[in-house]
There are 2 protein chains.
Amino acid sequence: MEGNSKPVEEQCRDQTGAVDGEEHDPERNSLHEPLLKRSPTLTSNQLAMVGAKVSHIESLDYEINENNLFKHDWRSRSRVEVLQYIALKWTLAFLVGLLTGVIASLINLAIENIQGLKMLTVVDFINQKRYITGFAYFTGVNLTLTLVAAFLCVMFAPTAAGPGIPEIKAYLNGVDTPNMFGASTLIVKIIGSIAAVAAGLDLGKEGPLVHIGTCIAALLGRGGTEKHHLRWKWLRYFNNDRDRRDLITCGASSGVCAAFRSPVGGVLFALEEVATWWRSALLWRTFFSTAVVVVVLRGFMEYCNSGRCGLFGRGGLILFDVSSVTVKYHPMDLVPVAVIGIIGGVLGSLYNYLLLKVLRLYSLINEKGRLYKLLLSLGVSLFTSVCLYSFPFLVPCSRCEPSLLNDGICPTNGRTGNFKQFNCPAGYYNDLASLLHSANDDAVRNIFSTSTPTEFLPISLLIFFAIYCILGLVTFGIAVPSGLFLPIILMGSAYGRLLGLAMGSYTNIDQGLYAVLGAASLMSGSMRMTVSLCVIFLELTNNLLLLPITMLVLLISKTVGDCFNPSIYEIILELKGLPFLDAKPETWMRNLTVGDLAAAKPNVVSLQGIEKVARVLEVLKESNHNGFPVVDRDVGMTELQGLVLRAHLITVLRKKWFLPERRRTEEWEVREKFTSVDLAEKARKIEEIELTEEDMEMYIDLHPFTNATPYTVVESMSVAKAVVLFREVGLRHLLIVPKYQAAGVSSTK
Amino acid sequence: MEGNSKPVEEQCRDQTGAVDGEEHDPERNSLHEPLLKRSPTLTSNQLAMVGAKVSHIESLDYEINENNLFKHDWRSRSRVEVLQYIALKWTLAFLVGLLTGVIASLINLAIENIQGLKMLTVVDFINQKRYITGFAYFTGVNLTLTLVAAFLCVMFAPTAAGPGIPEIKAYLNGVDTPNMFGASTLIVKIIGSIAAVAAGLDLGKEGPLVHIGTCIAALLGRGGTEKHHLRWKWLRYFNNDRDRRDLITCGASSGVCAAFRSPVGGVLFALEEVATWWRSALLWRTFFSTAVVVVVLRGFMEYCNSGRCGLFGRGGLILFDVSSVTVKYHPMDLVPVAVIGIIGGVLGSLYNYLLLKVLRLYSLINEKGRLYKLLLSLGVSLFTSVCLYSFPFLVPCSRCEPSLLNDGICPTNGRTGNFKQFNCPAGYYNDLASLLHSANDDAVRNIFSTSTPTEFLPISLLIFFAIYCILGLVTFGIAVPSGLFLPIILMGSAYGRLLGLAMGSYTNIDQGLYAVLGAASLMSGSMRMTVSLCVIFLELTNNLLLLPITMLVLLISKTVGDCFNPSIYEIILELKGLPFLDAKPETWMRNLTVGDLAAAKPNVVSLQGIEKVARVLEVLKESNHNGFPVVDRDVGMTELQGLVLRAHLITVLRKKWFLPERRRTEEWEVREKFTSVDLAEKARKIEEIELTEEDMEMYIDLHPFTNATPYTVVESMSVAKAVVLFREVGLRHLLIVPKYQAAGVSSTK
């Protein structure tokens, strides 16, 4: 061993390597020959999967970086500062809820007014039998609105397109998609979402609202945008990824809450679907945010109820209220309920499958340039307009029930009524027009309506279902902010209601409830959430008695769907190449030790505690790792000092804090020069650093910046257990230490 | 280093040492002089706290014990067996839900019938003005029922007394209280709970139902009781603590669900309050169990609605339905709501404080013997009867509203009516009797009743509040199964309604809602749950519009309560000496490294991979550790093999699987002798093992039984981070490895 300099075999893995749950890439290269033994059970094809797809997005740091500076900073905090920090956390959570609630209210207000005006004009044209003019107006307005949404997205914030939920999921799992949570994204998302929904496209504002909530949280957490950096003194304690992640979790919950007016559902959504890591304290703060959102929404609706919001409608705190119906069911009714669940599972996974195909096709088109993106969006808008406008002409008119007649005319207020007259004579209504010629929310409300067994003709529901299946597939991928929830609810409710119609008198359950269950089953079949979805549906429909059968449906359709493919979010994550670490390790991981993994890709670069500037620069330039183990080598033994981050190394180089000779620094020396705030700054590029020849010959003492307490595993640990550790503790790097320990260190030291 | 045999300093910590969140005990002793350096920041009083209170209950193993046998067993499982395992998990979750639902239904049925009969007879006596006879009958029945409950508890299952929730919390945190989940406990809990609640004591069946759910789960998971061990083949895969813990989580959720008919609340209760470790898959399975419970309860209630259940009353799926009321509130109403929250927090923590005093006093009495326990219970029962019977005579009679009169008599069906005539003339009612002379559930329903602003006199509410404050304090500690939820709801609703009365016309909120909010605030102030409590209240009261203000109240009262003392469950946990690891590490832990901890209590005992029988026996006898690091020492270096459990060592000794010479065994040799089922067996006592002199000279190869992949931390890790790891991954042992690594192992091997 005498002075042998090749002793330690630390492996450093970066969570960014975690590509679609297969395995977090063991980002490393051993400096020397591998010490670890290969296990005989290792087959080459398992190792081939490892690191096959490495994402180059830098991952976030959720671990407490316990370096000397942090420790000093933490120790020097007074009690007042700690209280300030706690107060700040709660204030920010409050602000997230408040702003999300206000923005959600304004979005609703804008959408309902724009869409209402459009619909009223169209109804006028139709009443005058000017069908062609009506069509031209309808299509024209829709195209214009789509153009606005798509133009903004394409030109200013491409990341604002789509729902944003997969990226949020990735962020909370540790991967920050660039430009995802900026101010421009937020603004484009708000305007684009209003325009896209008002354009009558088959998309919802729910997903975008979640994204908006997280954007607000991210901006608050950073204290403003990158460009106009607000240097709020208190925010210095928020200069870490952990606190920002917590705040963004609050933002996501607030968004869900604002979208569905479902505070508990919002919290559970974040817990079940989005976050990979959770604490009871966070649960509580998240809940606080959603409570604020609900209060804001409620206040807004009370204000609007007095008619001061223009065409803003009857939307209350409960979106699709079905509480009026008494749910009564016979044990025999569980059979059709189970059938709904099975169909929902099959259809949901089929939808996932087809959507993936469409998205692949669209990405080919979108790659051709911005113009193509715009044209695609406009094409979809045109197609939507044609479908929505023309199909109601194909179905026969139905006679209104006499009891509902109001001066010989079916009750309709032009926007939200269940019975649109459309092209029919007085006393008759066009049931398909009631669904297609209204806002998506109203369509859902209509199709959920209970105690109306004869309102919809089977042919209308069939056409509705078919249209929305096609629209749901073609609309999602275009370059506008789009949510997935509403299209799926529309599709699901249609087939649920159809099934209810088909069951006829064999069932005791109301057709409206069939529609609700159909929507739930399709969502569960496609998105594979159960608990949060159940609570969201509970809060959407305000009917607790529905709970047991909703649960049954959700469980069945999730189980069925899981047999075919992963959830839609996971599919999108994979498509976007965003890494995601699955909660459950794959079975092959049990047969592989982390030592095998390290041996298979031996490219860890380690640094010494006191390193030459030239060497640090070389290491930073020649590798793209974001963390380096720091190992002090002494005669006869080595000492693991910890892990140093690329970002911190770059900061040190940029600040040129070099030593003329190879020595350890005193704590006060470091503290004079650096604060923990410096280290929390965003990393610059290595290319920006300019060093003289003289600098290159100097030394850096890495000890003060080194996270002295990285999590470690012994080489014989199975990959499965390491993955569990990685995910449960929310890690970015994991060092692999050998199981061979220094023998008799005490005797040499 | 040459052959020096004192190289490795692994420390092994046992979670059982975790005493009330202070620190899990670093159970260890170094064989040799400490290698780890002391940190200069270390103060002696911090270390003095460590391990000050060590619990001697063996902790559970939630870690996957990756030894050779396990690995082989796992690899040899066929696809069919894996599917069987999954099917088994779901079947057991189903059975837990089913049985919990059925038992809860039967308990409800029994309580309502016994109590109903008792009440009817008392009403008869009172109608005949035979007040003394009525009192004698009332007291006599109550004393008899209390005697039954207390006798069963004292004689057959002392662990059945109390709510059981703290013990469940401890179990899911890794500490198995002896005899907590046995068959006798289950039976005593069921009968005792029926008798105690029917005796009119101020306690609920909610806590016991949670305990009953977990007992069912534990019995199913073990495949029967210890004595009549059912050897069901499939259950061999359930022979580990992890799967049992998951099932018990399902049981706890089912219990909460059965208690409050609140499926989502049940899941969240387990998530927030009980479990320290959580996975999405478990969330789903738990949810399934609660769904089954709800379906069973619903079926039972439908059946009883047709009058086939004797006196079983109007209890629907919603316990205390307040959905009929339209919640309208002005922003100004938030002030009284906040006041309720603050009062709830103060009262809740005061209650916790006083209850602790009472419990300390009671434990002095209870320690004197069984007879004292019985007498205490009977005394409390007598006091309760006197209070409940006599106080209604003190309040004036109120005149029924004419609109409610039914043939000149106030509406009362003798049991659940709001307006009990009691000692009043016809057309009048005694409001306090409506509250005191009814089952606890009915009392809550009465006090929650809405749109009845003049029903209760302030004096009656004040007396009611005072009585239940005293009863709530004196009843909890007696030796019968008792839940804490209902007493707190009763107290809270009384002061809430009082506050509503006091507010009078200054508020828009109904008095019934004040009562609901008061109950919520006191529960939050005492139990400190927020999310799950909110959902439970949502499901209890079936009114979504109440949600925002409920949230506000819960948040405020939890915050206020947290300023004074920990939650009631934590207080009971501490009182019972059950260790519990808090989610949030204490601040002083950041200043301490695990190395310091190891140095402060250096008593780890480590074994070699191949060890003499005599040495193993000596180690087992002389230490009470439950895990031992296995370290192979070779010339010039050591190799960490892993961790071996006491239970496995005892099994090996008992099976006398010894080797005549010091050698490694082949895998097939081990497999011939042992299966993983053997290792999963409950540990015997070391005293039961008899070994000959000859045996003692033989060797044991520990490698096949050693968990080769224990979680490890480097000595420089701060205790705070280690605690997070301990809790997040659900550990029992954590090895501390030195940061000094073997230098140049490759050159010597």
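Figured I'd write up the structure that's included with this text. (Residues numbered from 1 in each chain as written. Chains lettered and ligands numbered in written order. Predicted model: local features only at pLDDT ≥ 70, side-chain atom pairs only at ≥ 80, totals over all residues. Heavy atoms only, no water.)

Here's the deal with the overall build of chain A
Using the following cut-off: Segments assigned H or I by DSSP are reported as helices when at least four residues long, segments assigned E as strands when at least two residues long, and all are numbered from the N terminus. We call two residues in contact when some of their heavy atoms are within 4.5 Å. Each accessible area is a Shrake-Rupley estimate made with a 1.4 Å probe; only the visible protein chains count as cover when residues are assessed.
In terms of helices and strands, chain A carries 28 helices and 10 strands. Residue pairs in contact within chain A that sit at least 24 positions apart in sequence constitute 80% of those at least 6 positions apart. Summed over its atoms, the accessible surface of chain A is roughly 26200 Å², and 60% of this surface lies on carbon and sulfur atoms.

Observations regarding the state of the cysteines
Convention followed: The rule for a disulfide is simple: a pair of cysteine sulfur atoms within 2.5 Å. Buried means the residue's accessible area, taken with a 1.4 Å probe over protein chains only, is under 20% of the maximum for its type, while exposed means over 50%, and partly exposed covers the values in between.
If you walk through the whole model with that rule in mind, you get 2 disulfides over all chains. At a sulfur-sulfur separation of 2.0 Å, the disulfide partner of Cys-397 of chain A is Cys-424 of chain A. On the S-S bond that ties Cys-397 of chain A to Cys-424 of chain A, the torsion sits near -90°, and the link is left-handed. Placement of Cys-397 of chain A in the loop between helix 12 (370–390) and strand 2 (398–399) and of Cys-424 of chain A in the loop between strand 2 and strand 3 (428–429) is noted, with a sequence separation of 27 residues between them. For Cys-424 of chain A, a relative accessible area of 4% corresponds to the buried category. Here Cys-469 of chain A is not cross-linked by a disulfide; its sulfur's nearest cysteine counterpart is in Cys-387 of chain A, at 12 Å. Residue classification places Cys-469 of chain A among the partly exposed positions, given a relative accessible area of 22%. No disulfide involves Cys-534 of chain A; its sulfur sits 11 Å from the nearest other cysteine sulfur, which is in Cys-257 of chain B.

So, the environment of Met-155 of chain B
Residue and element names in this part refer to chain B. Summarising the element assignment, Met-155 is placed in helix 4 (residues 131–156). Overall, Met-155 belongs to the partly exposed group, its relative accessible area being 35%. For the pair Met-155 and Arg-370, spaced 215 residues apart in sequence, the C-alpha separation works out to 7.9 Å.

Considering the packing of helix 11 (residues 334–366) of chain B against helix 19 (residues 547–562) of chain B
All names here are of chain B. Note the cut-off: To obtain an axis, a line is fitted to C-alpha atoms, over the contacting stretch when the element is a helix, and the angle between two such axes runs from 0 to 180 degrees between their N-to-C directions. Two helices crossing with the near one rotated counterclockwise from the far one by less than a right angle form a left-handed crossing, whereas a clockwise rotation gives a right-handed crossing. Throughout, the ten residues Ala, Val, Leu, Ile, Met, Phe, Trp, Tyr, Cys and Pro are labelled nonpolar, Asp, Glu, Lys and Arg are labelled charged, and all others, Gly among them, are labelled polar.
Put simply, helix 11 and helix 19 touch, their axes get as near as 7 Å, and they point 40° apart. For the pair helix 11 and helix 19, the crossing hand works out as right-handed. Contacts between helix 11 and helix 19 pair Leu-334, Val-337, Ala-338, Ile-340, Gly-341, Ile-342, Gly-344, Gly-345, Val-346 and Ser-349 from the former with Ile-549, Leu-552, Val-553, Ile-556, Ser-557, Val-560 and Gly-561 from the latter. Residues that form the contact of helix 11 with helix 19 fall into these classes: 11 nonpolar, 6 polar and no charged.

As for helix 12 of chain A
Residues and elements named next belong to chain A. Using the following cut-off: Given a helix with a known number of residues, its expected span is that number minus one, times 1.5 Å.
Taking 1.5 Å of rise per residue, 21 residues should cover 30 Å, and helix 12 covers 30 Å from first to last C-alpha, within 8% of that figure. If you check which residues of helix 12 are buried, you get Leu-374, Leu-376, Ser-377, Val-380, Ser-381, Thr-384, Ser-385, Cys-387, Leu-388 and Tyr-389. Its buried side turned inward, helix 12 meets helix 3 (79–127), helix 4 (131–156), helix 11 (334–366), helix 13 (431–436) and helix 15 (458–475).

A short note on the environment of Leu-555 of chain B
As for its position among the elements, Leu-555 of chain B is in helix 19. Take Leu-555 of chain B: its relative accessible area is 7%, and that puts it in the buried class. Measuring from C-alpha to C-alpha, the distance between Leu-555 of chain B and Arg-308 of chain B comes to 43 Å, with 247 residues separating the pair along the chain. Once residues within four sequence positions are removed from consideration, Leu-555 of chain B is found in contact with Trp-284 and Phe-288 of chain A together with Thr-530 of chain B.

Considerations on the packing of aromatic side chains
All names here are of chain A. The condition that has to hold: Two rings from Phe, Tyr or Trp (for Trp, the six-membered ring) form a pair when their centres sit within 6.5 Å of each other. Planes less than 30 degrees apart are called stacked, planes more than 60 degrees apart edge-to-face, and all others tilted.
Applying the stated criterion across every chain, the model contains 30 aromatic pairs over all chains. Here the aromatic rings of Phe-151 and Phe-156 are separated by 6.5 Å at their centres, their planes lie at 85°, and the arrangement is edge-to-face. Following the ring pairs from residue to residue traces out a cluster consisting of Tyr-131, Phe-135, Phe-138, Tyr-389, Phe-393 and Phe-422.

Side note on unusual backbone geometry
The residue Lys-129 of chain A is not glycine, and still its phi comes out positive at about 60°. The topology assignment puts Lys-129 of chain A in the loop between helix 3 and helix 4. At Arg-261 of chain B, a position not held by glycine, the phi torsion is positive, near 55°. Inspection of the secondary structure puts Arg-261 of chain B in the loop between helix 8 (241–260) and helix 9 (263–274).

Some remarks on the pattern of salt bridges
All names here are of chain A. Using the following cut-off: For salt bridges, the criterion is a side-chain nitrogen of Lys or Arg within 4 Å of an Asp or Glu carboxyl oxygen.
In total, this model carries 19 salt bridges over all chains according to the counting rule given. Residues Lys-205 and Asp-441 are paired through a salt bridge, measuring 2.9 Å at the closest nitrogen-oxygen approach. Linking Lys-205 in the loop between helix 6 (183–198) and helix 7 (206–222) with Asp-441 in helix 14 (residues 440–448), this pair joins segments that are 236 residues apart in sequence. Judged by relative accessible area, Asp-441 falls into the buried class, the value being 9%. A salt bridge links Lys-558 to Asp-562; the shortest N-O distance between them is 3.5 Å. Taken together, the residues Lys-558 and Asp-562, both in helix 19 (residues 547–562) and 4 residues apart, mark about one turn of the helix. Linked by salt bridges that have partners in common, Arg-245, Asp-246 and Arg-285 make up one network.

So, the side chain of Gln-641 of chain A
Selection criterion: Identification of polar contacts relies on pairs of N or O atoms within 3.5 Å, with a donor-acceptor requirement for protein atoms, meaning one able to donate a hydrogen and the other able to accept it, and with residues adjacent in sequence counted only if both atoms are side-chain atoms.
Turning to its location among the elements, Gln-641 of chain A is positioned in strand 6 (residues 637–645). Under the relative-accessibility criterion, Gln-641 of chain A is labelled buried at 11%. There is a polar contact of 3.1 Å between the side chain of Gln-641 of chain A and the side chain of Asp-632 of chain A. Beyond its immediate stretch of four places on either side in the chain, Gln-641 of chain A contacts Val-630, Val-631, Asp-632, His-703, Thr-706, Asn-707 and Ala-708 of chain A together with Lys-739 of chain B.

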